[in-house]
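Observations on the three-dimensional arrangement
So the chains spell out like this:
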Amino acid sequence: MAEIADVFFVDGVRTPFGRAGQKGMYWNTRADDLVVKAMIGLLERNPDVPKDRIDEVAIAATTQQGDQGLTLGRTTALLAGLPQSVPGYAIDRMCAGAMTAVTQVGSAIGFGAYDFAIAGGVEHMGRHPLGADADPNPRFMTEKLVSADALDMGKTAERIHDRFPHLTKERADRFGMRSQHKLQAAYEAGKIQPDLIPVAIRSESGWGLATRDEGARPETTMEGLANLKTPFRPHGRVTAGTASPLTDGATVSLLAGGSAVKEFRLKPKMRMVSFAFAGVEPEIMGLGPVPSTEKALRKAGLTIDDIGLFELNEAFAIQVLALLDHFGIDDDDPRVNQWGGAIAVGHPLAASGVRLMNQLAAQFAERPDVRYGLTAMCVGLGQGGSVIWENPNWKGKK
């Protein structure tokens, strides 16, 4: 019987994230090509890892159709130049697609089945809008298994405001504004750029190069946010300023087992400690990370006080505020989303999990005083996902 092995996050990269739609920088770029570009960049950054030793490629997408379908893990592996001996598959857990890809291949590494694996995700929301061609079973409505609101993510966010009236629109606006400002400060300090893989793009004016996230709005003010429309409900509280924008982009990561790290003398950026997924009422899907985080902490034998850095996906400001409120963490806690989040950078659904991991790994390198970090996100249709990581640079007592 194989012994449980350590699972390491060796490296992760992503494309710059672009605005979805015809005016976005990736409108003329294929979804699978975004993955391929990121994967080639990842492999080039890690030349000491033999390509034929990669045991699996798992790539997630939420809307698996057209250039975002056809078993993305296998097709992108071939297009990126990996040997034909390297297998691959596609995966879908909506927003937590890349996170699930990481935990699935990580589990196989821990079991001893894999030495190396690539995991990531892509969403081209311009070409493939959320729910395109979906056909929800009519039983959901006729048997009242869920309310109609459950299929509209913005309405689920409004419901969290309903449930927790002390989490006001003003608090959500402030959180959204700070996300924009923190991302801008991180760019100015050179924190974001190291993990971005430039992508050639084509528009009516010719060829160009995507080197920076396209959707950020650093000029955001509280006054401006206060006057935005509430598209999900008349006189509601959720606006474009407190929600992640529709986004195109891809992420990929390299994971390895402890023996492979030793064999090739790699310097991993994080060690996987535990993970958990959990379900909640679909109508309040944004609360999903609360039970998944509690479960991951319990499995790791840790408490929330042991977590020194948080990377929480900002699908909506209210969703993050609800988690912070549950665990007694201040809205402006410096441990949380230090470099901004999805409200500013964008949320290409199935790709976002690895973006969280990239940013946590980079922060770990700067913070040897921090031992544990958390990446967590809500998931459409009432789920949450959480992964706890250990910092290999931690200088505490062994």
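Residues numbered from 1 in each chain as written. Predicted model: local features only at pLDDT ≥ 70, side-chain atom pairs only at ≥ 80, totals over all residues. Heavy atoms only, no water.

Before going further, it helps to spend a moment on the pattern of salt bridges. Tallied over the entire structure, the rule returns 25 salt bridges. For the salt bridge of Arg53 with Glu263, the shortest nitrogen-to-oxygen distance reads 3.1 Å. Here Arg53 is found in the loop between α1 (31-45) and β3 (54-60), whereas its partner Glu263 is found in helix α8 (residues 258-263), with 210 residues between them in sequence. Classification of Glu263 by relative accessible area gives partly exposed; the value is 49%. In this structure, Glu143 engages Arg139 in a salt bridge whose closest nitrogen and oxygen atoms are separated by 2.8 Å. Given a relative accessible area of 43%, Glu143 falls into the partly exposed group. Look at the salt bridges and you will find they share partners, linking Asp6, Arg271, Arg371 and Glu390 into a network. (Salt bridge = Lys/Arg side-chain N within 4 Å of Asp/Glu carboxyl O. Helix = DSSP H or I, 4+ residues; strand = E, 2+ residues; numbered from the N terminus. Buried < 20%, exposed > 50% of the residue type's maximum accessible area, 1.4 Å probe, protein only.)

Right, let's get into the UniProt feature "domain: Thiolase C-terminal" (unreviewed entry) in the chain. UniProt tags residues 267-390 as "domain: Thiolase C-terminal" (unreviewed entry). Secondary structure content for residues 267-390 is 33% helix and 26% strand, while the C-alpha to C-alpha distance between its ends is 14 Å. (UniProt positions renumbered as here; feature names shortened; annotations may be inferred.)

The subject of this paragraph is the side chain of Thr156. With respect to the secondary-structure elements, Thr156 resides in helix α5 (residues 153-163). Among the residues examined, Thr156 registers a relative accessible area of 0% and is labelled buried. At a separation of 2.6 Å, a polar atom in the side chain of Thr156 contacts the main-chain carbonyl oxygen of Met153. Excluding residues within four positions of it along the chain, Thr156 makes contact with Asp149, Ala150, Pro282, Glu283, Ile284 and Met285. (Polar contact = N/O pair within 3.5 Å; in protein donor to acceptor, adjacent residues only side chain to side chain. Contact = heavy atoms within 4.5 Å.)

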